[in-house]
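If you want the building blocks of each chain, they are given just below.
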Amino acid sequence: MVDGGKFKPPIFIHHLADCEPGCCIGDGTKVWRWSHIMNGATIGVGCMIGACVFIASTVRIGNDCRIQNNVFLPDGVIIEDSVFIGPNTTFCNVKKPKAGKRGKFETTLIKNGAVLGAGCTILPGLTIGAGTIVGAGSVVTKSMPDNVMCWGNPAKIQRFQYFRSDMDGKTDNTEQKET
Ligand SMILES: CC(C)(COP(=O)(O)OP(=O)(O)OC[C@H]1O[C@@H](n2cnc3c(N)ncnc32)[C@H](O)[C@@H]1OP(=O)(O)O)[C@@H](O)C(=O)NCCC(=O)NCCS
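Structure report, in brief. (Residues numbered from 1 in each chain as written. Predicted model: local features only at pLDDT ≥ 70, side-chain atom pairs only at ≥ 80, totals over all residues.)

Regarding the overall build of the protein chain
Here comes step 1: Broken down by element type, the protein chain carries zero helices and 25 strands.
Here comes step 2: The proportion of buried residues among the 179 residues of the protein chain is 34%. (Helix = DSSP H or I, 4+ residues; strand = E, 2+ residues; numbered from the N terminus. Buried ≥ 20, exposed ≤ 12 C-beta atoms within 10 Å, placed from the backbone.)

Digging into the site of the ligand
Here comes step 1: The ligand sits among Gly86, Gly117, Ala118, Ile133, Gly135, Ala136, Gly137, Met149, Trp151 and Gly152.
Here comes step 2: For the shell around the ligand, a count of residues per class yields five nonpolar, five polar and no charged. (Near = placed C-beta within 6 Å. Nonpolar A, V, L, I, M, F, W, Y, C, P; charged D, E, K, R; others polar.)

Points about unusual backbone geometry
Here comes step 1: The omega torsion across asparagine 153 and proline 154 is -5°, close enough to zero to call that bond cis.
Here comes step 2: Here proline 154 shows up in the loop between strand 23 (148-151) and strand 24 (156-161).
Here comes step 3: Phi at cysteine 52 takes a positive value of approximately 60°, unusual for a residue other than glycine.
Here comes step 4: Among the structural elements, cysteine 52 can be located in the loop between strand 9 (48-49) and strand 10 (54-55).
Here comes step 5: Its 18 C-beta neighbours within 10 Å are what place cysteine 52 among the partly exposed residues.
Here comes step 6: With a phi close to 55°, asparagine 147 is a non-glycine residue in the positive phi region.
Here comes step 7: With respect to the element layout, asparagine 147 can be found in the loop between strand 22 (139-140) and strand 23.

Quick look at the sheet that holds strand 5 (residues 24-25)
Here comes step 1: Strand order in the open sheet formed by six strands is 5-8-11-14-17-20, and the pairing between neighbours is parallel. Unpaired on one side and paired on the other, strand 5 and strand 20 (127-128) mark the two borders of the sheet.
Here comes step 2: Relative to strand 17 (residues 108-110), strand 14 (residues 77-79) is paired through three bridges, and the arrangement is parallel. Within the sheet, the bridge partner assigned to valine 77 lies in strand 17 and is threonine 108. (Pairing = 2+ DSSP bridges.)

Brief notes about the pairing of strand 23
Here comes step 1: Taken together, the two bridges between strand 21 (residues 133-134) and strand 23 define a ladder with parallel strand orientation. Paired with isoleucine 133 across the strands is methionine 149, a residue of strand 23.
Here comes step 2: One ladder, built from four bridges, connects strand 23 with strand 24; its direction is antiparallel. Within strand 24, the residue paired with valine 148 across the bridge is phenylalanine 160.
Here comes step 3: Connecting the antiparallel pair strand 23 and strand 24 is a turn made up of four residues, with glycine 152 showing a positive phi of about 105°.

Concerning the nonpolar core
Here comes step 1: Judged by nonpolar contacts, the single largest core of 38 residues is most densely connected at Ile55, Val59, Leu73 and Val134.
Here comes step 2: Only strand 14, strand 18 (115-116), strand 21 and strand 23 provide two or more residues apiece to this core.
Here comes step 3: A total of three residues in this core trace back to one element, the largest contributor, which is strand 23.
Here comes step 4: Beyond its immediate chain neighbours, meaning those up to four positions away, valine 134 contacts Val115, Leu116, Gly117, Cys120, Ile128, Val140, Cys150, Trp151 and Ala155. (Core = buried A, V, L, I, M, F, W, Y, C linked by C-beta atoms within 7 Å. Contact = placed C-beta atoms within 7 Å.)

Let's talk about the environment of glycine 103
Here comes step 1: Residue placement: glycine 103 occurs in the loop between strand 16 (90-91) and strand 17.
Here comes step 2: Measuring from C-alpha to C-alpha, the distance between glycine 103 and asparagine 93 comes to 9.0 Å, with ten residues separating the pair along the chain.
Here comes step 3: Among residues more than four places away in sequence, those in contact with glycine 103 are Val94, Pro97 and Lys98.

Structural data, given as structure tokens:
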């Protein structure tokens, strides 16, 4: 397809990935080995889904997202556009799960341009704001607003960003939270 003047090549599905019939994957998206995308899940255009990623039936992923290896996306997770999710990040959708009883799952929303570092755990029913960065290894127990940097267990807001910050240190547009 042609998107903004750029040609998006066809999708690439590694032959060892399991994309169930009925999942919907946009042009230019790549799905790497051992990933499992369930019937009904939708993934936008130009995404990268790493190896061993699990994506449940009701998950919605926007365009140009990067989901790194071993990410667990259960029912109820909605990811907007240009979101980065670091390796081994886990989303939870039931607050007090019980073996043998399927609880009602809660919805989690990750807004445009958010970045979740490696190895984060996101508790059920939360929203991570647009452009917000969650540091590696964080346990997020409360929703986060737009354009903050947070980290820790439990994750706390550490900095406010005036603009979307990049991760390579070239722009310094953040302000330390007053303590
Ligand atoms: C959150 C993050 C963006 C902050 O980067 P930064 O603004 O350059 O922060 P600094 O390195 O200056 O760290 C500031 C302080 O916070 C601490 N800190 C930074 N990130 C932390 C984290 N994830 N968890 C706990 N503490 C953290 C540092 O130890 C430092 O503490 P100090 O002031 O006592 O020395 C970065 O540390 C991070 O976690 N990035 C995610 C990387 C990642 O997962 N990439 C995935 C692809 S591999």
